Amino acid sequence: MRLLILMLCLLATPALALEPPPAPPAAQINQTLDAVHDAAARADADRYFGLYAKDAIYIGTDAAERWTIAQFRAYAEPYFAQGKGWTYRPRERHVTVTDDPCRCIAWFDELLDSESYGTSRGTGVMVVQDGEWKVAQYALTFPMPNDLAKGFTDQIKAFEAKPKP
């Protein structure tokens, strides 16, 4: 009987030593996006920009804000150096991972809460680079209620029509 128990223990030991399986892609993507928001709130430039793909694009709320990650880093680093980040708290997020065999591309959209701006929306694309999910493109927008759209877009058109200094 002791021999049987010893053999069962020896057979079970390798199974206990195995690493748990990796989290599903959507869970990994959620962790990465949560880390992006956390790093931005803490003004941690190295961690924040380390979560983006090497050739990432950041699209801001202004029509002129379409930056390579290097351009966006040049814009943001002076703020981060002063300890000034930005805080967006995810309220709701949807992640879709491609059906292709590599399962290495995904897209997402998330509703965000911000003290400064209220409700915002982040959308983007994630890719696997060097074995980790990275943000390949991120776009931040302000979702606008349809009932306010006409008045607001009229204001934008009037602003854009003004002569530039």
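Note that the structure is predicted; figures quoted are calculated from it, not measured.

> Looking at this structure, I do not really get a nonpolar patch on the surface. What am I missing?
Side chains of M144, L148, F152 and I156 sit close together on the surface and give an oily, nonpolar patch of about 340 Å² of accessible area. Structurally, M144 can be placed in the loop between β6 (132–141) and α5 (146–161).

> What's the story with the nonpolar core in this structure? I'm lost.
One broad rule of soluble globular proteins: the nonpolar side chains tend to lie buried together. Residues Y48, F49, Y52, Y58, M126 and Y138 are the most contacted members of the largest nonpolar core, which totals 32 residues. For this core, the secondary-structure elements that each account for two or more residues are α2 (25–41), α3 (45–50), β1 (52–59), α4 (69–81), β4 (105–114), β5 (118–129) and β6. Considering each element in turn, this core owes the most residues, six residues, to α2. Setting aside its immediate chain neighbours within four residues, Y138 contacts H37, Y52, I57, Y58, I59, F108, E110, L112, G122, T123 and G124.

> Mind showing me how you'd approach the state of the cysteines here?
Here, disulfide denotes a covalent bond that connects the sulfur atoms of two cysteines. As enumerated under the stated definition, the model contains one disulfide in all. Between C102 and C104 runs a disulfide, and the two sulfur atoms are separated by 2.1 Å. Negative torsions about the S-S bond denote left-handed disulfides, and the value of about -65° found for C102 with C104 makes this one left-handed. Judged by relative accessible area, which is 22%, C104 ranks as partly exposed.

> How do you make sense of the sheet that holds β6 when you look at a structure like this?
Think of a sheet as strands paired side by side through backbone hydrogen bonds, with each pair either parallel or antiparallel. Taken in spatial order, the six strands line up as β2-β1-β6-β5-β4-β3 in an open sheet, and their pairing is mixed. At either margin of the open sheet sits one strand with a lone partner, and together these are β2 (66–68) and β3 (89–97). Taking the axes of each pair of neighbouring strands and ignoring which way they run, one obtains an average angle of 20° across the sheet. In the sheet, β1 pairs with β2 via three bridges, with the strands oriented antiparallel. Its bridge partner lying in β2, I59 is registered against R66. The strands touched by α2 within the sheet are β1, β3, β4, β5 and β6, with β3 carrying the most contacts at an inclination of about 145°. Against the sheet, α4 engages β1 and β2, with an angle of about 100° to β2.

> Mind showing me how you'd approach the packing of aromatic side chains here?
Each aromatic ring pair is summarised here by two numbers: the centre-to-centre distance and the angle between the ring planes. Applying the stated criterion across every chain yields a total of 19 aromatic pairs. Measuring from ring centre to ring centre gives 6.1 Å for F49 and F80, while their planes differ by 45°; the resulting arrangement is tilted. With a gap of 31 residues between them, F49 in helix α3 and F80 in helix α4 connect regions that are remote in the sequence. The exposure class assigned to F49 is buried, which follows from its relative accessible area of 7%. Ring centres of Y58 and Y138 lie 5.8 Å apart, and the angle between their planes is 10°; on these two criteria the pair is classed as stacked. One end of the pair, Y58, is in strand β1; the other, Y138, is in strand β6, with 80 residues separating them in the sequence. Per residue, the accessibility class of Y58 equals that of Y138, and both read buried.

Conventions used here
- Residues numbered from 1 in each chain as written.
- Predicted model: local features only at pLDDT ≥ 70, side-chain atom pairs only at ≥ 80, totals over all residues.
- Heavy atoms only, no water.
- Patch = residues over 30% accessible without salt bridge, like charges linked within 9 Å, V, L, I, M, F, W, Y side chains within 5 Å.
- Areas by Shrake-Rupley, 256 points an atom, 1.4 Å probe, with all protein chains shown as cover.
- Salt bridge = Lys/Arg side-chain N within 4 Å of Asp/Glu carboxyl O.
- Helix = DSSP H or I, 4+ residues; strand = E, 2+ residues; numbered from the N terminus.
- Core = buried A, V, L, I, M, F, W, Y, C linked by side-chain atoms within 4.5 Å.
- Buried < 20%, exposed > 50% of the residue type's maximum accessible area, 1.4 Å probe, protein only.
- Contact = heavy atoms within 4.5 Å.
- Disulfide = S-S within 2.5 Å.
- Pairing = 2+ DSSP bridges.
- Axes fitted to C-alpha atoms, helices over the stretch in contact; angles between N-to-C directions.
- Phe/Tyr/Trp six-rings, centres within 6.5 Å; stacked < 30°, edge-to-face > 60°.

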